[in-house]
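Chain by chain, the residues run as shown.
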Amino acid sequence: MSAPSPSPASPSAPSRVTVVGEVLVDLLWRSGERAVTPLPGGSPANVAVGLRRLGRPTTLVTTWGEDPPGELVRDHLAATGIDVVRAPGPTGRTTLAMAYLDREGSASYDFLASWDPEDLAVPSDTAVLHTGSLATVIEPGAGRVLELCRDLHALPGRTVVADLNVRPAVQPDRLAYRKACLRLAGVTDVVKASDADLAWLFPRLDPTEAARVLLAEGPRLAVVTLGAGGATAVTRDAVVRVAAPRVAVVDTIGAGDAFQAALLDAVAASGVPTAPERLSEVLTRCVTAAAINCTRVGADPPTRAELDAACPAG
């Protein structure tokens, strides 16, 4: 495991985002249908694709197996043009997710999960490290990801961002999951979660209160997505909320990842937003990216041209 050597950030410094986490195959099963459709995905991989489409220099550090789902993953990643670092893993298995879609297009998941990278080396020009989802919960990889975040977080001029993307199916013990998320928050600058994530982790708190619990661990910014309700950003000094565009939803798969890609792009471009006006601008662009994704099948984030056309003030 290795982090990049320290170097101060400057306007001319590279702005690469390195994404560390799982790539998997979603087995998409729509309500009322008999056929199951395999689609390559995984939250971190979807985020990397979103960043690539936004034109951001991006590296995905991940692992997959030498099995039929792994072949699908390999071909998918090759087609995206993303810079991929494949970490060795001993099991030779690729993670599968059964994605059940209801008649409104909302997804629920079950997992056959494997996350066992043995070495997580990141490019030396990494400015922003992003992780989250299964990669921060499933051992033995989760401990290695946490160590990598801790190492990079200690370097000057580097930013660590996490999306909790809670999946109780892989860790039903709420207390254990909450502790893992708080440990992760403690080595990040920005943490993002959905209102559903926070409702499961902190059932007695509203989303803003739960975001403040995460902030108490050390991040400068907590972002909460609210589905069709938009998004909220919470700092120690402010709470900013924006509405989401109204669109005809095909399904919600990858919406949070499209949001996250837009957020990471903003952080890589100009640092962690904390001023209310800037937060409002960034969140508006993020919810617009998520809304565009929802108008298409599966995880299909917008290009920079599409996002600029839909949100020219971003």
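Residues numbered from 1 in each chain as written. Predicted model: local features only at pLDDT ≥ 70, side-chain atom pairs only at ≥ 80, totals over all residues. Heavy atoms only, no water.

1. With respect to the packing of helix α7 (residues 255-270) against helix α8 (residues 276-294)
For the record, the criterion: All axes are obtained by fitting lines to C-alpha atoms, using only the stretch in contact for helices, and the reported angles, taken between N-to-C directions, cover 0 to 180 degrees. Note on conventions: DSSP H or I runs of at least 4 residues are helices, E runs of at least 2 residues are strands, and numbering of each starts at the N terminus. Left-handed describes a crossing whose near helix is turned anticlockwise from the far helix by less than a right angle; the clockwise case is right-handed. Contacts are residue-level and defined by heavy atoms, with any inter-residue pair within 4.5 Å sufficient. Three residue categories are used. Nonpolar comprises Ala, Val, Leu, Ile, Met, Phe, Trp, Tyr, Cys and Pro, charged comprises Asp, Glu, Lys and Arg, and polar comprises the others, including Gly.
Contact pair α7 / α8: the axes reach a minimum separation of 7 Å and the direction vectors enclose 145 degrees. Remark: the crossing between α7 and α8 carries right-handed chirality. Here Ala255, Ala258, Phe259, Ala262, Leu263, Ala266 and Ser270 of α7 come into contact with α8, specifically with Arg278, Val282, Leu283, Arg285, Cys286, Val287, Ala289, Ala290, Asn293 and Cys294. Grouping the amino acids of the contact of α7 with α8 by side-chain chemistry returns 13 nonpolar, two polar and two charged.

2. A few points about the sheet that holds strand β3 (residues 37-41)
To summarise the sheet geometry, strands pair through backbone hydrogen bonds and adopt either a parallel or an antiparallel arrangement. Where we set the bar: When DSSP finds at least two bridges between two strands, those strands are taken to pair.
Within the open sheet, the four strands sit side by side as β3-β2-β6-β7. Their pairing is mixed. Two strands close off the open sheet at either side, each with one partner strand: β3 and β7 (107-112). Across the sheet, the mean angle separating the axes of adjacent strands is 30 degrees when strand polarity is ignored. Looking at chain direction, strand β2 (residues 24-30) and β3 are connected through five bridges and run antiparallel. Paired with Leu28 across the strands is Thr37, a residue of β3.

3. A short note on helix α4 (residues 174-185)
Condition: For a helix, the expected span equals 1.5 Å multiplied by the number of residues minus one. Pairs of N or O atoms within 3.5 Å make up the polar contacts considered here, provided that, within protein, one atom can donate a hydrogen while the other can accept it, and that residues adjacent in sequence are counted only when both atoms are side-chain atoms.
Helix length check: α4 (twelve residues) gives 16 Å between terminal C-alpha atoms against 16 Å at 1.5 Å per residue, within 8%. The residue sitting at the N-terminus of α4 and contributing the capping side-chain oxygen is Asp173; that oxygen lies 3.1 Å from the backbone nitrogen of Leu175.

4. What about the pattern of salt bridges?
Where we set the bar: By definition here, a salt bridge exists when the distance from a side-chain nitrogen of Lys or Arg to a carboxyl oxygen of Asp or Glu is within 4 Å. Categorising residues by exposure relies on relative accessible area from a 1.4 Å probe, with only protein chains included: less than 20% of the type maximum marks a residue as buried, more than 50% marks it as exposed, and the intermediate range marks it as partly exposed.
Enumeration according to the criterion identifies twelve salt bridges in this entry. Where Arg86 meets Glu66, a salt bridge forms, and the shortest distance between an N and an O atom there is 3.0 Å. Residue Arg86 is located in strand β5 (residues 83-86), and its partner Glu66 is located in the loop between β4 (58-62) and α2 (68-80); the two are separated by 20 residues in the primary sequence. Using a relative accessible area of 36% as the deciding quantity, one classes Arg86 as partly exposed. With relative accessibility at 63%, the residue Glu66 sits in the exposed group.

5. Things to note about the packing of aromatic side chains
Counted only if it meets this: Any two rings among Phe, Tyr and Trp, with Trp reduced to its six-membered ring, count as a pair given centres within 6.5 Å; such a pair is stacked if its planes are under 30 degrees apart, edge-to-face if over 60, and tilted if neither. Note on criteria: charge over ring means Lys NZ or Arg CZ within 6 Å of the ring centre, with the direction from the centre no more than 35 degrees off the ring normal.
A full pass over the atoms with the stated rule returns one aromatic pair. A centroid spacing of 5.6 Å and a plane angle of 75 degrees characterise the contact between Tyr177 and Trp200, whose relative ring orientation is edge-to-face. Of this pair, Tyr177 sits in helix α4 while Trp200 sits in helix α5 (residues 195-201); the two residues are 23 residues apart in sequence, bridging distant segments of the chain. Residue Tyr177 shares its accessibility class with Trp200, and that shared class is buried. Just above the ring of Trp200 sits the side chain of Arg174; from NZ or CZ to the centre is 4.9 Å.

6. Description of the sheet that holds strand β11 (residues 221-225)
With mixed pairing, the nine strands of this open sheet are ordered in space as β5-β4-β1-β8-β9-β10-β11-β12-β13. Bordering the open sheet on either side are β5 and β13 (239-242), each of which pairs with just one other strand. Direction aside, neighbouring strands of the sheet carry axes that sit 20 degrees apart on average. In terms of strand pairing, β11 meets strand β12 (residues 231-234) through four bridges, oriented antiparallel. Note that in β12 the partner of Thr225 across the bridge is Ala231.

7. Points about helix α6 (residues 207-215)
What counts here: What the arc covers is the set of directions going from the helix axis to the C-beta atoms.
Inspection of α6 places Ala210, Ala211, Leu214 and Leu215 among the buried residues, and these make up the whole buried set. Buried positions in α6, seen along its axis, are confined to an arc of 150 degrees and lie on one side of it. The elements touched by buried residues of α6 are α4, β10 (190-194), α5, β11 and β12. The opening residue of α6 is Asp206, an N-cap whose side-chain oxygen sits 3.1 Å from the backbone nitrogen of Thr208.

8. Regarding a nonpolar patch on the surface
This is how it is decided: Only residues whose relative accessible area exceeds 30% and that form no salt bridge are eligible for patches; like-charged ones are grouped when within 9 Å, while nonpolar side chains (Val, Leu, Ile, Met, Phe, Trp, Tyr) are grouped when within 5 Å. Per-residue accessibility takes into account occlusion by the displayed protein chains alone, with areas from the Shrake-Rupley method and a 1.4 Å probe.
Nonpolar side chains collect at one region of the surface, where Trp29, Val36 and Tyr100 lie side by side and expose about 240 Å² of accessible area between them. Under the relative-accessibility criterion, Tyr100 is labelled partly exposed at 33%.

9. Overview of the nonpolar core
The condition that has to hold: The definition of a nonpolar core used throughout is a set of buried Ala, Val, Leu, Ile, Met, Phe, Trp, Tyr and Cys residues joined through side-chain atoms within 4.5 Å.
Ranked by internal contacts, the top residues of the largest apolar core, which has 45 residues, are Val128 and Phe259. Aside from chain neighbours lying at most four places away, what touches Val128 is Arg16, Val17, Thr18, Thr159, Val161, Leu264, Val267 and Ala268. Counting residues in hydrophobic clusters, the runner-up holds 42 residues, among them Ala135, Tyr177, Trp200 and Leu215.

Note that all results are geometric; they support no functional claim without further evidence.
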